[in-house]
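One letter stands for each residue in the lines below.
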Amino acid sequence: MGEKNKYGQYMTPNIIADFMCTLVEHDKTAVCLEPSAGKGIFLSKLEKVGFRNILGFEIDETIINPNYNIRNESFVTSNLTPIYDVIIGNPPYIRWKNLETDLKKELENSVLWKNYCNSLCDYSSIFILKSAYLLKEKGELIFITPDYWFTTTHAKNVRNYLIENGYIKEIYHFNETPIFDKVKVSFVIFKYVKDTAKNPNISVTKYLSKQKITEQDLTEIKNKTSADASFFDIPQFKKDEKWILVPNKDKSEIEKYETACNTNTFGDFCRIGNGMVSGLDKAFQIKNESLLNEKENKNSINVLKAKDLNSISFGKTTKYIFLKQETDEKNFQSEYPNFSEQLAEYKTKLKNRYSYGKDLKYWEWAFLRNFNLFKTEKERIFCPCKERITKRQRFRFSVVPPEYFPTQDVTALFKKEETKEDIRYIAALLNSKFVFKWLSNKGTRKGDIIEFSEKPISSIPYRKINFSNKKEVQLHDKIVSLVNNYSTCHEETIFQNIDECFEQLFIIK
Ligand SMILES: C[S@@+](CC[C@H](N)C(=O)[O-])C[C@H]1O[C@@H](n2cnc3c(N)ncnc32)[C@H](O)[C@@H]1O
């Protein structure tokens, strides 16, 4: 493994290091530390603005810059005391499973790691923890890191350690802004102050541009004049909570929704599965339905792809070749002449499909994932398995009749046997502003893209109806009839009426 991968070497761009140095408030007599110095960019910047007492650590001797005070040893086992006024940098981010054995061993001997982390945590956790520990009272920690650890369950102890010993002062969240070459995760720059006495608000900046960031952009972010960012304050994080960057108003709405759902989630009420894989959709899409013989008609299915789905309703469906029983090539050609003629054109490509370890015939779909669920005589809900949320206010969960099948870009939900709510009620909730807000802030998200596979959908809060409460039943039935209305008239205001019904449901105790 190259040193770059072994040690998580991603060098901070000049303008980002400059920006981070402007966040230091301490005067120039500060004792400064850079725990993972790389080529020394932060040391050079600190020196340039007048700091003199600066120490760095760098494990890889091949990149150490001799012009700076950098020790060639691992920060993890370095013997240091809490005397630092400023700690700044870009710690290495490496997943536990990708860490070299020597680095793992070192972590296993670290008391901080053992007390606050586990093998789901990544390498940067120890740099965050140890740096927070090494700060003097009122010392400042300024780091750039991926944003995962703000919300993952396994980083809860790391977050708690910070909150118990100080407060977060500023956060700059870069959603899909490319900061490091070829790295596609969202980054945060945060400033933490070690001070057990204070508990002030956190100043949050969410930067939304997808363009490569410039010096001018960073100046506008600093001056809070950027048109590509939102600026707001949030109350200080509390112990055990995820660090969610939402304005107060949204946060209270999310909490109201969660409280109303009382720990019930969609996974308790629905079965959820990803769609089937043909391996080459265009080959299986039937070109001329009118030519099909009876057997061919019986061996075709209606398919919906992600692009055909809307909130509640859906657009055009496509008929696909889908043989319901096994056959051999001779029979296939004689009994399904139109299919055979259509697939002939794609034969080579079909034979080269990924076969999921089976002896895959060219007329067969590659992977019938969840077929037994899909073939049931039950209505279902389909949604795209990924959705970009910019310019959207609700998701696309469509109510779909039995015998419509999803392709792999679609996730399907089915009511469990014991679920009493109508499938239209379930779809209404999934298309509501509450689920939209909840998933935008707490869902599985990559930049602006929300993921809808089984796990993320399962964890969405679910408002179960108490069928012995008349008012709840009335609201349930009203929501169902609103969904039915929408299916016939497509009047957009119906979604507001549905949201209002949920608002009423949420306040019933
Ligand atoms: C993400 S890079 C950042 C480098 C530099 N601070 C910058 O911003 O350009 C992290 C650096 O930490 C170094 N590193 C990895 N493990 C380390 C350890 N245990 N102690 C000190 N440095 C380490 C890597 O070699 C790499 O140079």
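Residues numbered from 1 in each chain as written. Predicted model: local features only at pLDDT ≥ 70, side-chain atom pairs only at ≥ 80, totals over all residues. Heavy atoms only, no water.

Taken together, the three strands give an open sheet; going across it, the order is β12-β11-β16, and neighbouring strands pair in mixed fashion. Bordering the open sheet on either side are β12 (318–321) and β16 (404–406), each of which pairs with just one other strand. The mean angle between the axes of side-by-side strands here comes to 55°, regardless of whether they run parallel or antiparallel. Taken together, the three bridges between strand β11 (residues 300–304) and β16 define a ladder with parallel strand orientation. Counted as the bridge partner of N302 is Y404 from β16. (Pairing = 2+ DSSP bridges. Helix = DSSP H or I, 4+ residues; strand = E, 2+ residues; numbered from the N terminus. Axes fitted to C-alpha atoms, helices over the stretch in contact; angles between N-to-C directions.)

Glycine aside, residues mostly have negative phi angles, and peptide bonds mostly take the trans form. Positive phi outside glycine occurs at N262, with the angle close to 50°. Looking at the element boundaries, N262 is found in the loop between α9 (248–261) and α10 (266–269). By relative accessible area, which is 53% here, N262 ends up exposed. The phi dihedral of Y356 is positive, around 50°, even though this residue is not glycine. On the accessibility criterion, Y356 (36% relative accessible area) is partly exposed. (Buried < 20%, exposed > 50% of the residue type's maximum accessible area, 1.4 Å probe, protein only.)

A regular strand places its side chains on the two faces of the sheet in alternate fashion. Taken across its five residues, strand β2 (residues 53–57) has four buried, putting it largely inside the fold. Bridge count for strand β1 (residues 31–34) against β2 is four bridges, and the pairing is parallel. When the sheet's bridge partners are listed, L33 is paired in β2 with L55. Considered for its hand, the β-α-β crossover made up of β1, helix α3 (residues 41–48) and β2 is right-handed. (Right-handed = clockwise from strand over helix to strand, strands pointing away.)

Near the ligand you find 25 residues, and of these T12, E34, S36, E58 and Y123 are the closest. Here a nitrogen atom of the ligand and a backbone polar atom of F75 are 2.9 Å apart. The separation between a nitrogen atom of the ligand and a polar side-chain atom of Y123 is 2.8 Å. Compared with its free state, where it exposes 590 Å², the ligand has 99% of that area covered by protein. Taken together, the residues of the shell around the ligand break down into 15 nonpolar, seven polar and three charged. (Near = heavy atom within 4 Å. Polar contact = N/O pair within 3.5 Å; in protein donor to acceptor, adjacent residues only side chain to side chain. Areas by Shrake-Rupley, 256 points an atom, 1.4 Å probe, with all protein chains shown as cover. Nonpolar A, V, L, I, M, F, W, Y, C, P; charged D, E, K, R; others polar.)

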